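Examination of the molecular architecture
Given next are the chains, with one letter for each unit.
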Amino acid sequence: AWIYLAAAHLGSAYLLVLFVLLGNLAGTWDFDGFHGSVGESYAINLGLLLLMPLTLGMIWPYAQYRRKQYQLGNLSFGNARFRFNGVVGPFYVYFFKALGIFDAGAAVALIVGGSIQGPAAVIVGVALAYLAAGFALVIYYPTRVTRFAVTQTELEGVASFNASMRVREVLGMELLNLLAI
């Protein structure tokens, strides 16, 4: 038994050394056009998401905001840096609208599922709820957030950007992709 314990500790030590070495190397790599750090990326992508249970999910829009701020604020084109000028408010507006879409879909699922008898009621109800959740969280929210983020980004005062994508266009593309699969 002590051999397994020793092997486990040696394996853990090996992984720790490898992690430290790769972490130091990653900190020195020069990713052309991106200036973010590994530590800041972990703080935003993992740290904020670990707070999800404590905030009952209400930190999700803020985490999305910080992710866009980090991604877009650390990009450059040549010597010019991108700057994200957005505020967190619209992320919450789109989040609550997405929750409203999901709630409306869940209500329809309950009504339709309740009007059908037998096991089909469960299948239809779950399918409608998944469709509502998929539309709200996979189509609506990301489309609105991305469009907002793009319009709030500029290239060091030299250029600003416009996004014309609409939710119905993204929905159309997703449906065509599903048909192609």
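Residues numbered from 1 in each chain as written. Predicted model: local features only at pLDDT ≥ 70, side-chain atom pairs only at ≥ 80, totals over all residues. Heavy atoms only, no water.

Looking at the packing of aromatic side chains
All told, the structure shown has nine aromatic pairs when counted by the stated rule. On the numbers, 5.6 Å between centres and 75° between planes, the contact of Tyr65 with Phe91 is edge-to-face. With a gap of 26 residues between them, Tyr65 in helix α4 (residues 60-73) and Phe91 in helix α5 (residues 89-115) connect regions that are remote in the sequence. Owing to a relative accessible area of 1%, Phe91 belongs among the buried residues under this scheme. Look at Phe91 and Phe148: their rings are 5.7 Å apart centre to centre, the planes differ by 90°, and that puts the pair in the edge-to-face class. Of the two residues, Phe91 is situated in helix α5 and Phe148 in helix α6 (residues 119-151); the sequence distance between them amounts to 57 residues. (Phe/Tyr/Trp six-rings, centres within 6.5 Å; stacked < 30°, edge-to-face > 60°. Helix = DSSP H or I, 4+ residues; strand = E, 2+ residues; numbered from the N terminus. Buried < 20%, exposed > 50% of the residue type's maximum accessible area, 1.4 Å probe, protein only.)

Looking at the nonpolar core
A general feature of soluble globular proteins is that nonpolar side chains tend to end up buried together. Core analysis: the biggest nonpolar cluster contains 16 residues, and Phe84, Phe91, Tyr94 and Tyr141 have the highest contact counts within it. Among the elements that line this core, the one with the most residues is α6, at seven residues. Membership of the second largest hydrophobic core comes to five residues, among which are Ile44, Leu48, Ile59 and Tyr70. (Core = buried A, V, L, I, M, F, W, Y, C linked by side-chain atoms within 4.5 Å.)

Describing the side chain of Asn74
Secondary-structure assignment places Asn74 in the loop between α4 and β1 (76-77). A relative accessible area of 13% means that Asn74 is categorised as buried. A distance of 2.8 Å separates the side chain of Asn74 from the backbone oxygen of Tyr70, its partner in a polar contact. Leaving out residues up to four positions away in the same chain, Asn74 has contacts with Gly33, Phe34, His35, Gly36, Glu40 and Arg81. (Polar contact = N/O pair within 3.5 Å; in protein donor to acceptor, adjacent residues only side chain to side chain. Contact = heavy atoms within 4.5 Å.)

So, the sheet that holds strand β2 (residues 80-84)
Strands belonging to one sheet form pairs held by backbone hydrogen bonds; the direction of such a pair is parallel or antiparallel. With respect to topology, four strands assemble into an open sheet ordered β1-β2-β3-β4, the strand pairing being antiparallel. In the strand order of this sheet, the two ends are held by β1 and β4 (159-160), each with one partner. One ladder, built from two bridges, connects β1 with β2; its direction is antiparallel. Residue pairing in the sheet places Ser76 in a bridge with Arg81 of β2. On the sheet, α4 packs against β2 and β3 (153-155) and is oriented at approximately 165° with respect to β2. (Pairing = 2+ DSSP bridges. Axes fitted to C-alpha atoms, helices over the stretch in contact; angles between N-to-C directions.)

Observations regarding the pattern of salt bridges
Once their charged atoms are close, side chains differing in charge can pair, the charge on each being opposite to the other. One pass over the full model with this rule turns up two salt bridges. Note that Arg66 is salt-bridged to Glu40, the shortest N-O span being 4.0 Å. Of this pair, Arg66 sits in helix α4 while Glu40 sits in helix α2 (residues 38-50); the two residues are 26 residues apart in sequence, bridging distant segments of the chain. Arg66 gets classed as buried once you look at its relative accessible area, which sits at 18%. Between Arg83 and Glu154 there is a salt bridge whose closest N-O contact spans 2.2 Å. In this pair, Arg83 sits in strand β2 while Glu154 sits in strand β3, placing the two residues 71 residues apart along the sequence. Classification of Glu154 as buried rests on a relative accessible area of 19%. (Salt bridge = Lys/Arg side-chain N within 4 Å of Asp/Glu carboxyl O.)

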